[in-house]
Amino acid sequence: MTVTTAPHLHRGVRPVPAPPEPVEPTYVRGMAPPAERTDAQVVRDVLAGDRDAYRLLVRRYGDALHAHALRMVGSQDVAADLAQEAFVTGYRKLGSLRAPERVGAWLFRILANVVRDHLRRTRRRHISLHVLPEIPAPQRGPDEDTVDADVRTRVRQALAKLTPEQQEAFVLKHVEGRSYEEIAAVMDLSVAALKMRVHRAREALQGLLKEFA
Amino acid sequence: MKDEDVRRYLDGETEMDAMDDQARSEARSWDRLLAAFRAETPGAPAPPWLENRVMARIEALPEPGLARRAWSWLLRPRPLRLSPATLGLAAAAVVALVLLPGRRGPAPTGDAGGAAATVVYVQFDLRAPDARSVAVGGDFDEWQGSYPLEDPDGDGIWTGRVPVKPGLYAYMFLVNGSKWVTDPEAAHHTDDGFGNRNAVLAVTAPAT
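Everything numeric here is computed off the predicted structure, so don't read it as measured data.

Cut-offs used in this document
Residues numbered from 1 in each chain as written. Chains lettered and ligands numbered in written order. Predicted model: local features only at pLDDT ≥ 70, side-chain atom pairs only at ≥ 80, totals over all residues. Heavy atoms only, no water. Helix = DSSP H or I, 4+ residues; strand = E, 2+ residues; numbered from the N terminus. Buried < 20%, exposed > 50% of the residue type's maximum accessible area, 1.4 Å probe, protein only. Areas by Shrake-Rupley, 256 points an atom, 1.4 Å probe, with all protein chains shown as cover. pLDDT = per-residue confidence, 0-100. Contact = heavy atoms within 4.5 Å. Phe/Tyr/Trp six-rings, centres within 6.5 Å; stacked < 30°, edge-to-face > 60°. Lys NZ or Arg CZ within 6 Å of the ring centre and 35° of its normal. Salt bridge = Lys/Arg side-chain N within 4 Å of Asp/Glu carboxyl O.

Caption draft 1: Highlighting the overall build of chain A. Along chain A, the regular secondary structure elements total eight helices and zero strands. When its helices and strands are written in sequence order, chain A yields α-α-α-α-α-α-α-α. Looking at chain A as a whole, 52% of its 213 residues are labelled buried. Here chain A has roughly 10200 Å² of accessible surface; of this, 54% comes from carbon and sulfur atoms.

Caption draft 2: Structural context of the confidence of the model for chain B. All names here are of chain B. Confidence along chain B averages 78 in pLDDT terms, with 73% of residues attaining 70 or more. Segment residues 110-116: pLDDT under 50, and 17 contacts once partners within four positions in sequence are set aside and those in other chains are kept. Across the assembled chains, the prediction reports ipTM 0.70 with pTM 0.55.

Caption draft 3: Geometry of the packing of aromatic side chains. Taken as a whole and assessed by the stated rule, the structure comprises 10 aromatic pairs over all chains. Residues Phe124(B) and Tyr171(B) carry aromatic rings whose centres are separated by 4.9 Å and whose planes lie at 75° to one another, so their mutual orientation is edge-to-face. Taken together, the residues Phe124(B) in strand β2 (residues 120-127) and Tyr171(B) in strand β6 (residues 167-175) connect sequence positions 47 residues apart. Exposure remark for Phe124(B): the relative accessible area of 0% places this residue in the buried category. Residue classification places Tyr171(B) among the buried residues on the basis of a relative accessible area of 0%. Relative to Phe173(B), the ring of Tyr171(B) has its centre 6.0 Å away and its plane inclined at 80°; by these criteria the two rings are edge-to-face. Residue classification places Phe173(B) among the buried residues on the basis of a relative accessible area of 0%. Ring pairs connect the aromatic residues Phe124(B), Phe140(B), Tyr147(B), Tyr169(B), Tyr171(B) and Phe173(B), which therefore count as one cluster. Lying across the ring of Tyr180(A), Lys173(A) places its NZ or CZ 4.4 Å from the centre.

Caption draft 4: Inspection of the confidence of the model for chain A at higher detail. All names here are of chain A. Taken residue by residue, chain A gives an average pLDDT of 76. The fraction at 70 or more is 69%. Here helix α5 (residues 144-161) stands out as the element of chain A with the lowest mean pLDDT, 71, in contrast to helix α3 (residues 76-93), whose mean of 95 is the highest. Low confidence marks residues 1-33, where pLDDT is under 50. Its contacts with residues over four positions away, or in another chain, come to 43 contacts. This stretch, residues 125-144, has a pLDDT under 50; its non-local contacts, to residues over four places away or in other chains, come to 27 contacts.

Caption draft 5: Representation of the pattern of salt bridges. Residue and element names in this part refer to chain A. Here the structure, examined in full by the defined rule, presents 19 salt bridges over all chains. Residue Asp117 is joined to Arg120 by a salt bridge in which the shortest nitrogen-to-oxygen separation is 3.1 Å. On the criterion of helical spacing, the pair formed by Asp117 and Arg120 is a turn pair, its members being three residues apart in helix α4 (residues 103-126). Across the salt bridge formed by Glu165 and Arg120, the nearest N and O atoms sit 2.6 Å from each other.

This is how it looks when you write it as structure tokens:
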């Protein structure tokens, strides 16, 4: 199958501030300046032995990968560790990448696998989904902030009760707003199967949060 | 019908205005709930230390292109000078290899044709009784693991056929969607340069 390029992966890239003074860059002859190298060029440079060029990929996709991991696990420390793991795995497997221009989507797919494995592992170890208590209804009072906080806590808990695959599909669709085609490429599913998975996730959440939907 | 309308709305296949009042009300509830999910699960930029930690870790790893470069070097044609005696020994070795009994592994099951563009179906199998899913991926599908294997009788042997063109391919099995596993039954393996072994599959065009 083909992983389609995901332009939104550039969404989280931090802008590079302009230098205060015009600086004449020094380049190795024949090599494009780092900021102008395309993803495909960077991949080829890394594979040719320019290990430090991989840094550019971490800069370009670090924010997008970290943001997704954070939405999935809810902890900045864990999300950063998972993003780190994905980048290291990506480096190790870079030789197997056949479409260097799609390295961003490829790294995102690796991250999705790393996150899925993490959730399977940690939920098995720390949480028995079957013995989690039902999520209590919020104590609605005059203070709207309190109500909002309750809602947020409950939706976080509800997400943790989904299977990792359902949670991933739901977050990619309804939190990150990606298209079904993009998500299908990340999750290696048909669009029809993916729609069903998202639907099941919504049904599960609806059961857990009856008074909201 | 209302549920179907709401489902289509949430999938982006219809607009709020196209639904009746009851479906619209439910759709608005969903909008509110999904907004709560988005608010509760914000993304955030990566911490500044991520880049340096990644670079520090990969400093200790072998270069990722090393295996491929070695593979290319092995496959690169080069002039070869052989004495008649050496040539005879090499021919004898080839004959001996051909006559050796075959071993279990991916078996080409090609149909007709012998041209380079001929597609040959290769059967893969892996014994993995505890697996929930098994797929195969390799040079032939850009390592996407896009060919699922099946275990219809539940005996733990996963099988499937993959159409490939004649050539030399490295491949592995993808178990449970995340774990790459080397084919233990492959006749040949190659080190990928960072601790894993890829199985090697040689596919020849079937004789006409």
